[in-house]
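Survey of secondary and tertiary structure
What follows is the residue order along each chain.
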Amino acid sequence: MLFGRLGPPQPAAILDVGCGEGHWARLIARRLPPDSSVIGVDREAVHLAAFERALATTETAGLAISTLQASAYDIPAPSATFDLVTCQTLLLHLRELAKALGAMKRLVKPGGQILCVEPNNLVGRLPISSLTSVMPVDTAVRLAEFALRYVIGRARWGLSDETIGESLPGLLTEAGLQDIRVWFCDRAAAVFPTDDTAEQVALLDAGRRWRREGLGPFDKAEMRSCVLAGEGCEAFFERTWADYLRFDDRVAEAAANGRWHTAGGTLFFVAAGRKRP
């Protein structure tokens, strides 16, 4: 989809910033013609090591794929080196967005593009599924307020801006790019009772593990600190946390009985901008 919109791939030099274990970089590499190059940059050596191990099972004939350990703010590469500089779910974790985008802009060639893929995670935190219509309205409103206060509070703590995808067009404009284009990612995290695909099994297993181990959306201490930073009071948090766990219990029961389903209402934005020639 992206290559169709950005133009047919030519032999290109591509930089993936905040590449992690290389999922995004390897997807891109599979669609590049020979004589192209891909460099994955990450500050964590353990992620880059996993990326390099994954390359052993990735078709890379005719491509030069390498890794580089560096911060997104300070990448040791010559200016105007790359045809495309990209990041995926990176900016939501950074505090100095203008600095990171400035570093990316320095590295892209005149006429080259910066491509960012970032979410609005607030949508995915709302209690919207086949159970919504049978939920007491007051409970649904509290859970929605809980999600909003959490996301606002998390940004105020400087942990991440979970709605950063909504800001991509403005951020690319402020970085001095032109020809700004924005799309939705067309993937959905759907669960429905007549199927048991690997994706659905993974989604449900992850939710059960998070609840069991107190991770992610079930890390009570982290959730409390962010909700309070979002101007929620302690009484509101405790009452709604109980609602939150009861709702998850109902989801688990309905899923076990084949009665829970959702189209997976998440939002991922894909935004591209071109450096002036």
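A few points on the structure. Chains are numbered independently. Their residues run from 1 in the order of the written sequence. Per-residue local features of the predicted model are confined to residues with pLDDT of at least 70, and side-chain atom pairs are confined, for both listing and counting, to 80 or more; whole-chain, interface and lining totals are unaffected and use all residues. By convention in this description, side-chain values take in all heavy atoms of the structure and omit both hydrogens and water.

All right, on to the side chain of Asn120 then. Strands are runs of DSSP state E lasting at least two residues, helices are runs of H or I lasting at least four, and both sets are numbered from the N terminus onward. The residue Asn120 is located in strand S5 (residues 108-120) in this model. With relative accessibility at 8%, the residue Asn120 sits in the buried group. The definition of a polar contact used here is a pair of N or O atoms within 3.5 Å, where within protein one atom must be able to donate a hydrogen and the other to accept one, and adjacent residues in sequence count solely through side-chain atom pairs. At 3.0 Å, the side chain of Asn120 forms a polar contact with the backbone nitrogen of Leu122. Apart from residues lying up to four places away in sequence, Asn120 is in contact with Glu162, Thr163, Glu166, Leu267 and Phe269. When accessible area is computed with a 1.4 Å probe and restricted to protein chains, residues below 20% of their type maximum are described as buried, those above 50% as exposed, and intermediate ones as partly exposed. Contacts are residue-level and defined by heavy atoms, with any inter-residue pair within 4.5 Å sufficient.

Bringing the sheet that holds strand S7 (residues 267-274) into the picture now. Strand pairing in a sheet is mediated by backbone hydrogen bonds. Such pairs are either parallel or antiparallel. Paired strands are those between which DSSP finds at least two bridges. Strand order in the open sheet formed by 7 strands is S3-S2-S1-S4-S5-S7-S6, and the pairing between neighbours is mixed. At either margin of the open sheet sits one strand with a lone partner, and together these are strand S3 (64-69) and strand S6 (178-184). On average, each strand axis in the sheet is tilted by 15 degrees relative to the strand beside it, whichever way the strands run. Bridge analysis of strand S1 (residues 13-17) against strand S4 (residues 82-88) gives 4 bridges, and the strand direction is parallel. What sits directly across from Leu15, in S4, is Val85. Those strands touched by helix H3 (residues 45-54) are strand S2 (37-42) and S3, and its axis lies near 165 degrees from that of S3. Inter-axis angles, ranging from 0 to 180 degrees, are taken between N-to-C directions of lines fitted to C-alpha atoms, where helices are fitted over the stretch in contact. Against the sheet, helix H4 (residues 97-107) makes contact with S1, S4 and S5, and its axis sits at roughly 145 degrees relative to S5, the strand it touches most.

Turning next to the pairing of S5. Along S5, 10 of the 13 residues are buried, which leaves the element largely enclosed by surrounding structure. Sheet topology note: the S4/S5 ladder contains 6 bridges and is parallel. Across the sheet, residue Val85 finds its bridge partner in S5, namely Ile114. Chirality of the crossover, the property in question, places the unit of S4, H4 and S5 among those that are right-handed. Of the strand pairs in this sheet, S5 and S7 are connected by 8 bridges, and their pairing is antiparallel. When the bridges of S7 are listed, Leu115 appears paired with Ala272. By the criterion used throughout, a crossover qualifies as right-handed when its path from the first strand across the helix to the second strand runs clockwise, the strands pointing away from the viewer.

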